[in-house]
Structures are given as structure tokens and as C-alpha cells.
Amino acid sequence: MEVKIEESWRQVLSGEFASDYFRRLADFVKDAYAKGRCYPPGRFIFEAFNRTPFDKVKVVIIGQDPYHGPGQAHGLCFSVLPPCKMPPSLVNIRKELEAEFGVKIDWKDGDLSRWADDGVLLLNSTLTVAEGKPMSHSGQGWERFTDAVVRVLNERRDNLVFILWGASAQRKGAAIDRRRHLVLASAHPSPLSAHRGFFGCGHFKAANDYLAAHSVTPIRWF
């Protein structure tokens, strides 16, 4: 698998790309895509990085697994390309935005590329999946790779906002230095858990307030 990734990320993650585990991971992904349908399409596997260069990251949102249905996953967590119907978790994210800012948000689709272009790294813990088989590519090395992504951001950047929805994301962000970054944690926006703390979390406003306080342009959430 040839890694087509934005140059600043290539540099800060060069040690990962040169490692034995990543070579094994690349072989696994190449084989999986050759033998069956997997998502996202190969050109989108590193879309989160290509959309949001290392030095442009302001906010990190950590997801878990790419969507495993046709036409959904395109490399950004929680995001789907049109004409896909907006998934329930993303509907709840929009509801929380509307509640926080007191506005009605008329999104035409579920494509969050605009967030990524504005400095939000939409990072899934696992970057590929087999069609119809959630978590099918877990345990192959992606989690180690994305742990390294979180680690290098934590160590080499200052005043980032890490948004951790759900237990999986919170475990992944456990080592983030809270003295140098803002960490916002709540329940996952899934309909199964959103009412246990996601609704009313205030994360979007809190993120922008923190960025503004550190002379960083806030995110255009809508």
C-alpha cells in the first residue's frame, strides 16, 4: 500500500511509516482491499490528514471505526458524502450545535470536509473496514498508528482542543497533557448514549472560547 499523505504528516510520522508494524498493516490493508470490498475507497484512507495538515490542526475529534456501508466513509470520522443520508450520530451532533448556538442549522448533507479544512482533525481510531463488518480491521495496527498521531500532536503542538465522545475516544486520549491542551469529554452522540451527557455538553462553544483565548481563529461549526 502506497501511503499518499500530506507532507507535514509524512514528516512527523516518518518513524511509524518505517516501522515493522506499519509494513505489516500495509500488507494487511492491501490484501483486504484486493480480496473484498472495503471502506473508505483507497484514495480516502488518509483524507483526514490530507485535509488538515499537522500545523493547521486546531481541534481533534476522535471517532472509532469508518462507516461500513456503500458510499458512506470518506476518511473523516462522523462524516458522510452526499447523497448518503445523515447518520443518527451526526443528526445528534447537529442538534447539539443548534442548542449551543441557538440557531437552526440547515445542512444540505453530512459532509464535514468544511470542518477539516478549517482545522478540525476528524480522526477515526481505525482507518479502514470491510463492508458490512464493523471493527473488522481492528487489531491490525491502525490503533497503534492513530495512538502515535495523538501522541505527536500532544507533544509537538500547544493549545489544541481534543474532543472525546464515548469511552473508546476517552481511552485514546487518556495521556493528553491537560496543562497544555483542552480536553472535552462526554458520552457518545449515538442515539444509544447521547442523552447520557452528550446533549448539553457545550463542547463546540467551549472549543471556540478556548481557541479565541489563545489567539487562534475559532472554528466555523456551521
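Residues numbered from 1 in each chain as written. Predicted model: local features only at pLDDT ≥ 70, side-chain atom pairs only at ≥ 80, totals over all residues. Heavy atoms only, no water.

(A) Fine view of the overall build of the chain. Each helix and strand in the chain was counted, giving nine helices and six strands. The C-alpha radius of gyration of the chain comes to 17 Å, within 12% of the 17 Å expected for a compact globule of 222 residues. The principal-axis extent of the C-alpha atoms belonging to the chain is close to 50 × 35 × 25 Å. In the chain, the share of contacts with a sequence separation of at least 24, taken over all contacts with a separation of at least 6, comes to 67%. For the chain, the accessible surface area stands at approximately 10,300 Å², while carbon and sulfur atoms represent 50% of it. Considering the chain, the positive charge centre built from 30 side chains and the negative charge centre built from 25 side chains are found 2 Å apart. (Helix = DSSP H or I, 4+ residues; strand = E, 2+ residues; numbered from the N terminus. Rg over C-alpha atoms; globule rule 2.2 N^0.38 Å. Contact = heavy atoms within 4.5 Å. Areas by Shrake-Rupley, 256 points an atom, 1.4 Å probe, with all protein chains shown as cover. Lys, Arg positive; Asp, Glu negative; His and termini not counted. Charge placed at Lys NZ, Arg CZ, Asp CG, Glu CD.)

(B) Seen up close, the pairing of strand S5 (residues 161-165). In terms of burial, S5 is a largely internal element, five of the five residues being buried. Neither face of S5 is left uncovered, since the one carrying Val161, Ile163 and Trp165 and the one carrying Phe162 and Leu164 both have all their residues buried. Here four bridges tie strand S2 (residues 59-63) to S5, and the two strands are oriented parallel to one another. Bridge pairing links Ile62 to Leu164 in S5. By the bridge criterion, five bridges tie S5 to strand S6 (residues 182-186) in an arrangement that is parallel. Note on S6: the bridge partner recorded for Val161 is Leu182. The parallel pair S5 and S6, bridged by helix H8 (residues 167-172), forms a crossover whose chirality is right-handed. (Buried < 20%, exposed > 50% of the residue type's maximum accessible area, 1.4 Å probe, protein only. Pairing = 2+ DSSP bridges. Right-handed = clockwise from strand over helix to strand, strands pointing away.)

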